[in-house]
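# Examination of the molecular architecture
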Amino acid sequence: MPTTLFDKVWDAHEILRGESGQSLLWIDRHFVHEGSFHAFNKLRERSLSVARPDLTFGIADHYVPTLTRRLDAIGDAKVRGMIEQLEGNTHEHGITLFGLDDPRQGIVHVLGPEQGLTQPGLLMVCGDSHTSTHGAFGSIAFGIGASEVAHVLATQTLWQSRPKRMRLSVEGELPPGIGAKDIALTWIARLGADGARGYAIEYAGSAIRGLSMEARLTLCNLSIEGGARCGMVAPDETTFAYLRSRPFAPRGERWEQALAYWKTLQSDADARFDSEVTLDAAEIAPTVTWGVSPEEALPIDGQVPDPAQVQDAARARQVRDSLDYMGLAPGQKLTDIVIDRIFIGSCTNARLEDLRAAAAVLRGRRSQVPGIVSPGSTQVKRQAEAEGLDVVFREAGLEWRESGCSMCVGMNGDLVAAGERCASTTNRNFKGRQGPGARTHLMSPVMVAAAAVAGRLADVREL
Amino acid sequence: MEPIKILDALACPLPLANVDTDQLIPARFMKEPRSVGYGQFLLHDLRHDASGRPVEGFILNRPQADQAKVLVARRNFGGGSSREAAVYALVDYGFRCVIAPSFGDIFASNAVNNGLLPATVSEEDAEALLTALSDTPGPLRVDLEAQRIEAGELSVAFSIAPTWRTKLLNGWDDIDMTRQHAERIRRFAADYAERRPWLDTTPPEVISRG
Ligand code: SF4
């Protein structure tokens, strides 16, 4: 029977199917971070050990400071404690740790691919919803909760029901200045923040094939913002070229064996999907969010909606509530929205390609507002510095920081102040996400750079 | 885990859509150990104003709200971050069931793993329940076996995945269930490793620590 890429990978990991139809799946890679302490505590309560420490990797990213790499320099004892707790738990169970001072440290979803831990055909999980990122290599990767993390630690397996399959095709050529972030915000605005709930998405079409590995990572990262279980792109030459000679990638004969397998990881030509969505690449514009959910996104030349014009009462109420929180007037032009600061960072858009793109816009210009640039990993930071990108950001008046989740979630203390408006390359514009009362506008790195230069939301194509 | 069969309890209406897990528990509270009780953090920034005072009229600040076991909300409840702490906040507050037209995927499975029932109803039925409760905690019955919700005159059906229903009815825990399959897992892992020799994760050449 013709089979989808998703089903091929799923079937290869199915140990058994329970009476009620759930599958017990084998897990190839499991990442834990500071927030995974609840799961380690559950193991402790039940005196269980970690089944496969060799398939588990610890990463310090959510709470790490971006001003220092020294643990003892962290003022907040509770923040420091989170990092120490991860060190303690990984050490106790013999798990490899990419810790605060490790030259390979980075945000888990940047580090995995960069180190070659993420490979085609794998089943990967992490107690973090943006684990969907790793699907860019043609693996099934999704976020899980702490109870499931404890289950994977104890058994290296997970119970899951098979989601439905959606193919999201983007055909044609993307106009200049348009990237993966714009594709993602466009489809999420169209289908809704729960529009892909219950589905595994395969991104396909000529525009997707043309994307770099880094752009595919951005696209898959945002799958969860449309509610999807995971997002994948079938591996191809772009994937293989990226992976070759990464530290954890197979070498020599094993590389050849792996490659032969990876090349089979495609949806069959006549495979059936439960849902098909198609976008025309030529119609995608630079897109920004105006509200408090990623579905509340519009092309930059648009206007904030007016609840009085919205037919559906529930929808109108939601728009009114969003505008109220965001401090925006109905019908206001997006390009009239004045910002207070910018943030370039996160697992969505802080890879080398993202930093290069933002720096190209900022070169020789000044940012009208303060802002932070936090590279996705320590390695990205080093590469960016080797290319002089740090100088571009600094000369534009921005702060060049260490790598971590930083202002994406504010757990380390990098916060947007209440009432402040931030143009951000991150993935969530939820109320209070970047700090209590913070107002977030999501957009691509070049659009954040354009906003910085203009001091307001701006169309990068007009700069 | 405590099984659920029938809940006869007070229900709180929360007439909001997209109540994401960042709202259910803001990130800054996630450093706390569970032993402090996460109920105090539930919907913290909706419950309190900027100076930390309770927002008057917010449903969880109403009399009797602290005795409620059921929450009724609008679509896409629990979307966003995978933080199980969002479920801990609901459970520690006393909730055993959330009724909504749709749930974030990860949230729903976290809920089941903590004995919290995510009951999916149609948009119309959610609206009808919210109307019936009209802004205050009110009595409601959730029957998991029959998959029905009753509030006064109103009786609506809800859906839940059969596996989850079984787990909640019995109070089962996944780790116990899985360990019964230890031998199958061991055989699978051995065969799998043989077929995929390139998956060995022995750390590459030692990189000096900076
Ligand atoms: S950068 Fe943000 S979204 Fe990504 S893992 Fe960190 S907190 Fe999560």
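Each remark here, short or long, concerns the structure printed above.
Rules used throughout
- Residues numbered from 1 in each chain as written.
- Chains lettered and ligands numbered in written order.
- Predicted model: local features only at pLDDT ≥ 70, side-chain atom pairs only at ≥ 80, totals over all residues.
- Heavy atoms only, no water.
- Near = heavy atom within 4 Å.
- 1 Å grid on protein atoms, 1.4 Å probe; cavity = no way out; pocket = protein on both sides within 12 Å on 5 of 7 lines; lining within 4 Å.
- Sits in = over half its atoms within 2 Å of the grid points.
- Nonpolar A, V, L, I, M, F, W, Y, C, P; charged D, E, K, R; others polar.
- Domains from an automatic or database assignment.
- Helix = DSSP H or I, 4+ residues; strand = E, 2+ residues; numbered from the N terminus.
- Buried < 20%, exposed > 50% of the residue type's maximum accessible area, 1.4 Å probe, protein only.
- Contact = heavy atoms within 4.5 Å.
- Pairing = 2+ DSSP bridges.
- Right-handed = clockwise from strand over helix to strand, strands pointing away.
- Axes fitted to C-alpha atoms, helices over the stretch in contact; angles between N-to-C directions.

What follows is about the site of the ligand. Residues and elements named next belong to chain A. Around the ligand, the neighbouring residues are His62, Ile107, His109, Asp128, His130, Ser346, Cys347, Cys405, Cys408, Val409, Asn427 and Arg433. A molecule is said to occupy a pocket when more than half its atoms come within 2 Å of that pocket's grid points, and by this definition the ligand occupies the largest cavity. When the residues that make up the shell around the ligand are grouped by side-chain class, the tally is five nonpolar, five polar and two charged. Each of two domains, domain 1 (5-160) and domain 3 (287-462), supplies a minimum of three residues to the shell around the ligand.

Looking at the secondary structure, you find Ser129 of chain A in the loop between strand 6 (123-126) and strand 7 (140-143). The class for Ser129 of chain A is buried, based on a relative accessible area of 4%. Sequence separation between Ser129 of chain A and Cys230 of chain A is 101 residues; the distance between their C-alpha atoms is 9.3 Å. In this structure, Ser129 of chain A is in contact with Gly143, Ile224 and Arg428 of chain A together with Gly80, Ser81, Ser82 and Ile106 of chain B, ignoring residues within four places of it in sequence.

What follows concerns the pairing of strand 9 (residues 164-171) of chain A. Residues and elements named next belong to chain A. Two elements, strand 9 and strand 10 (residues 199-204), share six bridges in a ladder whose sense is parallel. Considered in strand 10, the bridge of Ser169 is made with Ala204. Read from strand 9 through helix 6 (residues 180-191) to strand 10, the crossover connection turns out right-handed. Of the strand pairs in this sheet, strand 9 and strand 12 (residues 275-280) are connected by six bridges, and their pairing is parallel. When the bridges of strand 12 are listed, Arg167 appears paired with Glu276.

This paragraph deals with the sheet that holds strand 8 (residues 157-160) of chain A. All names here are of chain A. Read from one edge to the other, the open sheet built from three strands follows the order 1-2-8, with strand pairing classed as antiparallel. In this open sheet, the two edge strands, each paired with only one partner strand, are strand 1 (14-17) and strand 8. This sheet shows a mean twist of 25° between the axes of neighbouring strands, independent of strand direction. The sheet contact formed by strand 1 and strand 2 (residues 23-26) spans three bridges and is antiparallel. Residue pairing for strand 2: Glu14 is matched across the bridge by Leu25. Along the sheet face, helix 5 (residues 146-155) touches strand 2 and strand 8 and points at about 135° away from the line of strand 8.

Such coordinate-based values are descriptive only and should not be taken to indicate function.
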